Amino acid sequence: MACGLVASNLNLKPGTCLRVRGQVAPDAKSFALNLGKDNNNLCLHFNPRFDAHGDTNTIVCNSKDAGAWGAEQRETNFPFQAGSVAEVCFSFDQADLSIKLPDGHTFKFPNRLNLETINFLEADGNFQIKCVALE
C-alpha cells in the first residue's frame, strides 16, 4: 500500500470524536486508517478490505504494540463502496475504541495499549482523505 496522509501531535483525548472523510478509489482493494502513538504502537489498525488478503467486504481491526501485531478482529458490516465518499468517526476511552461507520453502525475494539491520548493518524491504501476534524 502506498503511504498517504500522516499526522502526528493530534492530542486526541477520551470522549473526542476524530472524524475522517475521504474518497474511496474506484478500483479499491483495501485501505487502512491507523491510530495510536506512532507507527509501531497502534491502538487501532482499521482496515476495510474490498478484496484483499483473502477477505471480501470485511473490516479487519488490529493493534500493534512495540511493532508486534495482536489478534485480528473482523466486522462483517461493510458499508463502503468503491468510488464513493465515506466518513468514519473514531472515539475512545480507557477500555475501548468506538468506530462509527458511514451507515451509522457502531462497533467497539479494545484499547489494548491503554493509551490516554492518541497522537498519530496514518492513512494507507485506496483512500484519499478529504477532511479530518476533531469534535
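Residues numbered from 1 in each chain as written. Predicted model: local features only at pLDDT ≥ 70, side-chain atom pairs only at ≥ 80, totals over all residues. Heavy atoms only, no water.

Some words on the sheet that holds strand 10 (residues 106-110)
The strands that make up a sheet are held in pairs by hydrogen bonds between backbone atoms, and each pair lies either parallel or antiparallel.
Now for step 1: Taken in spatial order, the five strands make up an open sheet running 10-9-8-2-12, and their pairing is antiparallel. Looking at strand neighbours, the two that pair on one side only are strand 10 and strand 12 (127-134), the edges of this open sheet. Taken over all neighbouring pairs, the strand axes of this sheet differ in orientation by 25° on average, direction set aside.
Now for step 2: Relative to strand 10, strand 9 (residues 96-100) is paired through five bridges, and the arrangement is antiparallel. Paired with Ile99 across the bridge in strand 10 is Phe107. (Pairing = 2+ DSSP bridges. Helix = DSSP H or I, 4+ residues; strand = E, 2+ residues; numbered from the N terminus. Axes fitted to C-alpha atoms, helices over the stretch in contact; angles between N-to-C directions.)

A word on the environment of Asp93
Now for step 1: By the element assignment, Asp93 lies in the loop between strand 8 (85-92) and strand 9.
Now for step 2: With a relative accessible area of 36%, Asp93 lands in the partly exposed category.
Now for step 3: In this structure the C-alpha to C-alpha distance between Asp93 and Glu116, which are 23 residues apart in sequence, comes to 7.6 Å.
Now for step 4: Not counting residues within four places of it along the chain, the set of residues in contact with Asp93 comprises Pro14 and Asn111.
Now for step 5: Of the polar contacts made by the side chain of Asp93, one reaches the backbone nitrogen of Ala95; its length is 2.9 Å. (Buried < 20%, exposed > 50% of the residue type's maximum accessible area, 1.4 Å probe, protein only. Contact = heavy atoms within 4.5 Å. Polar contact = N/O pair within 3.5 Å; in protein donor to acceptor, adjacent residues only side chain to side chain.)

Focus: the nonpolar core
Now for step 1: Counting 35 residues, the largest nonpolar core has Leu33, Leu44, Phe46, Phe80, Phe90 and Ile99 as its most contacted members.
Now for step 2: Not counting residues up to four positions away in its chain, the partners in contact with Leu44 are Leu33, Asn34, Leu35, Cys61, Asn62, Phe90, Leu97, Ile99 and Phe109. (Core = buried A, V, L, I, M, F, W, Y, C linked by side-chain atoms within 4.5 Å.)

Re the UniProt feature "domain: Galectin" (unreviewed entry) in the protein chain
Now for step 1: Within this numbering scheme, the UniProt entry marks residues 4-135 as carrying the feature "domain: Galectin" (unreviewed entry).
Now for step 2: Annotated as 0% helix and 60% strand, the span residues 4-135 places its first and last C-alpha atoms 23 Å apart. (UniProt positions renumbered as here; feature names shortened; annotations may be inferred.)

Looking at unusual backbone geometry
Now for step 1: Located in the positive-phi region is Ala66, a residue other than glycine, with phi close to 55°.
Now for step 2: Inspection of the secondary structure puts Ala66 in the loop between strand 5 (55-65) and strand 6 (68-69).
Now for step 3: Ala66 sits in the exposed class, given a relative accessible area of 65%.
Now for step 4: Positioned with a positive phi, Asn114 is a non-glycine residue whose angle comes to about 55°.
Now for step 5: Exposure remark for Asn114: the relative accessible area of 44% places this residue in the partly exposed category.

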